[in-house]
Amino acid sequence: MEYIELEKLAGDVGFTHIAPLDPGTIRLKEDVRKMCEANTCGRYNKCWSCPPGCGTLEELSRQIGEYRGGILVQTVGEIEDSMDFEAMMDAEKRHKQHFMRMYEILRGIYPKALAIGAGSCTQCKQCTYPNEPCRFPEKKINSMEACGMLVLEVCKDNHLGYYYGPNSIAYTSCFLLE
Ligand code: SF4
């Protein structure tokens, strides 16, 4: 699929921004994983999509290293100020909807597409971690941060904006395509 077609598809799905992603620019960092350990989101050690259940940086790096192309996708929403949690949650919800829809379409074209999202996997009400294996390994979504990516850096290295001003919030995800 040509990039221009991916761009149109992403726009039709509802993303506000898209950019080509060169997997060669992705650097997985121990420091980012350390931020997960601080557990501010409450998902550390609670889900197969979050550290340590999502795998070591070496394992994730090997997985990402199998891809030669990809795209970054964003949903940018408007907020009144930094306390406007309702608008933030609404933008996040829309981003997840766009992301899952895009993933469904891309999997029909690229069966081995790897989706890396924003936030912990929410496919199941209750994750099976750590007692049972993941229920839907083919649908499990790791977040960019859980993989050790500094999202700001990945965006910068691939010529995509990250900060759109004080009255906006951006959610970023990516798809790696064979
Ligand atoms: S698909 Fe379900 S079991 Fe697997 S990581 Fe996601 S929430 Fe957990």
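Look above for the structure.
Residues numbered from 1 in each chain as written. Predicted model: local features only at pLDDT ≥ 70, side-chain atom pairs only at ≥ 80, totals over all residues. Heavy atoms only, no water.

*Asks:* Quick one: what's the story with the side chain of Thr-25, residue by residue and with numbers?
*Replies:* Tracing the sequence through the fold places Thr-25 in the loop between strand E1 (17–20) and helix H2 (30–37). Overall, the relative accessible area of 16% leaves Thr-25 in the buried class. Residues contacting Thr-25, with those up to four places away along its chain left out, are Asp-157 and Asn-158. (Helix = DSSP H or I, 4+ residues; strand = E, 2+ residues; numbered from the N terminus. Buried < 20%, exposed > 50% of the residue type's maximum accessible area, 1.4 Å probe, protein only. Contact = heavy atoms within 4.5 Å.)

*Asks:* Now, about the side chain of Thr-75: what can you tell me, with residues and values included?
*Replies:* Relative to the elements of secondary structure, Thr-75 occurs in strand E2 (residues 69–78). Residue Thr-75 is classed as buried on the basis of its relative accessible area, which comes to 0%. A distance of 2.8 Å separates polar atoms of two side chains, one belonging to Thr-75 and the other to His-95. For Thr-75, the side chain forms a polar contact with the side chain of His-98, separated by 3.1 Å. Contact partners of Thr-75, with chain neighbours within four places excluded, come to Phe-15, Thr-16, Ala-91, Arg-94, His-95, His-98, Ile-169, Ala-170 and Tyr-171. (Polar contact = N/O pair within 3.5 Å; in protein donor to acceptor, adjacent residues only side chain to side chain.)

*Asks:* Give a description of the sheet that holds strand E5 (residues 168–177) that names residues and reports values.
*Replies:* An order of E1-E2-E5-E3-E4 is seen for the 5 strands of this open sheet, with the pairing classed as mixed. Edge positions in the open sheet fall to E1 and strand E4 (142–143), since each of these has one partner strand only. Examined bridge by bridge, strand E3 (residues 114–117) and E4 share 2 bridges and lie parallel to one another. In the strand pairing of E4, Gly-117 is matched with Ser-143. Contacts from helix H4 (residues 85–109) reach E2, E3 and E5, with the element oriented near 15° to E5. (Pairing = 2+ DSSP bridges. Axes fitted to C-alpha atoms, helices over the stretch in contact; angles between N-to-C directions.)

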